[in-house]
Structure formats: C-alpha cells, structure tokens
Amino acid sequence: MDVFWFLPVHGDGPFLGSQVESRPATLDYLKQIAVAADQRGYHGVLVPCGKTCEEPYIVSAALIAATERLRFLVATRPSALTPTFAARLAASLDRLSGGRFYLNVVAGGDADELAGDGVFLDHDARYAHAAEFFTVWKRALSGERVDFAGEHVTVRGAEAPLTPVQRPHPPLFFGGSSPAGHAAVAEHFDTYLTWAEPPDAVAAKIADVRARAARHGRTLTYGLRVNIIVRETEAEAWAAADHLISKIDRETVESAHSAFRRFESEGQRRMTELASRADLVVSPNLWAGVGLVRGGAGTALVGTPRQVADRLLEYRDLGIDSFILSGYPHLEEAHRVADLLFPLLPVNAQPPAAQPAPTVAFVSPFGGLQPVRSAS
C-alpha cells in the first residue's frame, strides 16, 4: 500500500465549518506537516487546488528541499494551463525533486469557479479537453516535438526539452465518477482515484473503469481518498467525530449543500447524497459527517486501529493500492495515523526514483539555449 497524507493549503484546524482555533496555511505550518509525513514514512502528500488554496505547484516547489523521500501529488486543472507549459512545470518539479512529483488531474468542479478562470466548457467537454491536453503533455515529455490539432487543444512545435526523471512521465492520477470521467481515465491516465463510498459502490466504479481500460488494452492502478478518525477505543473515535462537527449548525450545512448542488460533479453529488442521510454511518466504520460542510472527500473511516485497518484492507482487496488519507488537524493526525495504523498495514516505503542525469547548456547557432545530456 502506498499511503499518502494531505497538505491543507486552504487552512486547517480541529473543527469543520468553524474558524475556532483555525490555522492558516503558512509555509512554516505546511513545512511541519510535510516533514512529519516524510519522517513517518508516508509515500507522499496530496496538494489540492482551488481558488481558496495556495497554489499547489508553488507549495510543492517550496517544500522539496525540506523533505527527502516524500512525493508531491499536485492537483491541477488542465483548463487553467497550456499543455506545453504544464509539461515543462512537471519536468522541472520532477527533476528538482529527484523523481518525487506526481500529478492529480482535476477536470471537473465548480462551474462558477471555472468561469472565473475563463473556462466555459460543459461537463463532458472538460473531460474531452483533459484527454487532448494530456495527449500533448505526454508526447512532449517523451521528447517529441508535437503538432496536434484537436477540438479543444491545438499546438504546433510543442516541446519540453528537459525531460523528467520518471519515465515516460510522472504518474497521472485522475478522478471522476461520471461515464465521461470513467472513459477519460480508462484511455489516458494511470491511476483512477475515487472518494471513499461504501465498498460495493467503489467496487462497481472500479469494475467499470477496468472494463473500459481493457478495451484499450490498458491496465490501471487504483486509489482511494478518505479521511481518518482513529483512536485507541471505538468510543473515543466516535467522540472525536462528534467533536469535529460540534461547531456546525443546520444553517451552515444547508448553505454548504446548496453550494455543492451547483457543482457539475457526479462525485460531489454522491458525497452530498451520503451526507444528507439521517444516519451518517453509511457502511461499517464509514461516516459521511465530513461532507456536512466539506466539499470533495466527505467521508471518514472511524474506529479503533484494528477496525480502520480492516476497512482499508477491504478496499485494498478491491484492487486499490494508493490510499490518500487526512485528518483534522493534519499535523497531529499525521503522527497519530502513523502510530496507530502503520503497524497494521503493509505500507510501502520504497525510495523515489534516482536523480536526473546532469544537463549542461550551450548557445545554439540557431538561437536559444539547448540542453546537452551527459553520456553517463
């Protein structure tokens, strides 16, 4: 199991839906979480994106030197960049980190936020755009000079001369619960990432993506994004869950869910539906209380170390090998999860890829700097 943690680049605290004891996303605080995750043996950290987040590429670059083995799973909206520029960003982060850069592709989301970025594609068109975007991205990172004319992306002579450490390119994670999302990941991406729903629902999503990928002759890996509330006893765990939402009132929940229902996201619709139930325990140890006010990953596994580990292993048995966990507040919970869960799980602690081959530059007679790789 590759176990990731989460960097709260939008802020952190012990209560959902409240500013009581809140912690801003300062570089110092994010560094503390990243160093803790690095030292405790997490495979990496997810760095989310959005208009209320510090920019994930910048945060990841700032934390490379503070960490040694930690991978940065950087969320990105392809509609906010050009594929060639994104390829060069990926190559730089991968090279400077020594192969510790992964990408989490976010094609959907809040249509109002996307409109603020100048993006007016409808739901299915965003997935079609992402497929074209990463077709160019992958070809450029492979060393090609790319000419491409699609419905949404057109480039001529696209290049990323400084190739990444990880070959053929850094891993691409992709989430989506709609048919368009499943079709895109099956054909173009490496790891299908889903939020934690009851195991039967997750199994059905994996089966659909796996069948679609097989029709393209492809085999994917699978990941799960879930919050964790683990304590020594079951009573303590559920008390911690109640404490997490103790500052929320009904008006706050209704306002949050009204906003979530505007999203053109099938995954968000499913999370909001789970959080709208009278009984928020939607499956053994799976609690939808986080989704009362939090968009995105709205479920948590709640229980003793043995209970939570068993639930994670059940998801692993469905074919999932990457687990992106989080807990509030993220600094303390990074240590707690490592202390209580890691001894019960087959956590993968393999080192990252090797450092890139040295590159020097010379001035081309045709203009500009050109890279030259050493023969070694």
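Refer to the structure above for everything that follows.
1. Structural notes on the packing of aromatic side chains
Counted under the stated rule, the structure contains 13 aromatic pairs. Judged by centre distance (4.9 Å) and plane angle (55°), the rings of Phe133 and Phe134 are tilted. For the pair formed by Phe133 and Phe134, the shared burial category is buried. Taken together, the ring pairs in this structure connect Tyr127, Phe133, Phe134, Trp137, Phe174 and Phe189 into an aromatic cluster.

2. Here's the deal with the pairing of strand β6 (residues 154–158)
Inspection of the sheet shows strand β5 (residues 146–149) paired to β6 by three bridges, in the antiparallel sense. If you follow Phe148 over to β6, its bridge partner there is Val155. In this structure, the hairpin formed by β5 and β6 is closed by a connection of four residues.

3. Digging into the pattern of salt bridges
A complete count under the given rule lists 18 salt bridges for this structure. With a closest N to O distance of 3.2 Å, Arg69 and Glu68 form a salt bridge. The exposed category is assigned to Glu68, whose relative accessible area is 59%. The partner of Glu113 in a salt bridge is Arg77, with the nearest N and O atoms 3.0 Å apart. Of this pair, Glu113 sits in helix α4 (residues 111–116) while Arg77 is found in the loop between β3 (71–76) and α3 (83–97), placing the two residues 36 residues apart along the sequence. As far as burial versus exposure is concerned, Glu113 and Arg77 are alike and both buried.

What counts and what doesn't
- Residues numbered from 1 in each chain as written.
- Predicted model: local features only at pLDDT ≥ 70, side-chain atom pairs only at ≥ 80, totals over all residues.
- Heavy atoms only, no water.
- Phe/Tyr/Trp six-rings, centres within 6.5 Å; stacked < 30°, edge-to-face > 60°.
- Buried < 20%, exposed > 50% of the residue type's maximum accessible area, 1.4 Å probe, protein only.
- Pairing = 2+ DSSP bridges.
- Helix = DSSP H or I, 4+ residues; strand = E, 2+ residues; numbered from the N terminus.
- Salt bridge = Lys/Arg side-chain N within 4 Å of Asp/Glu carboxyl O.

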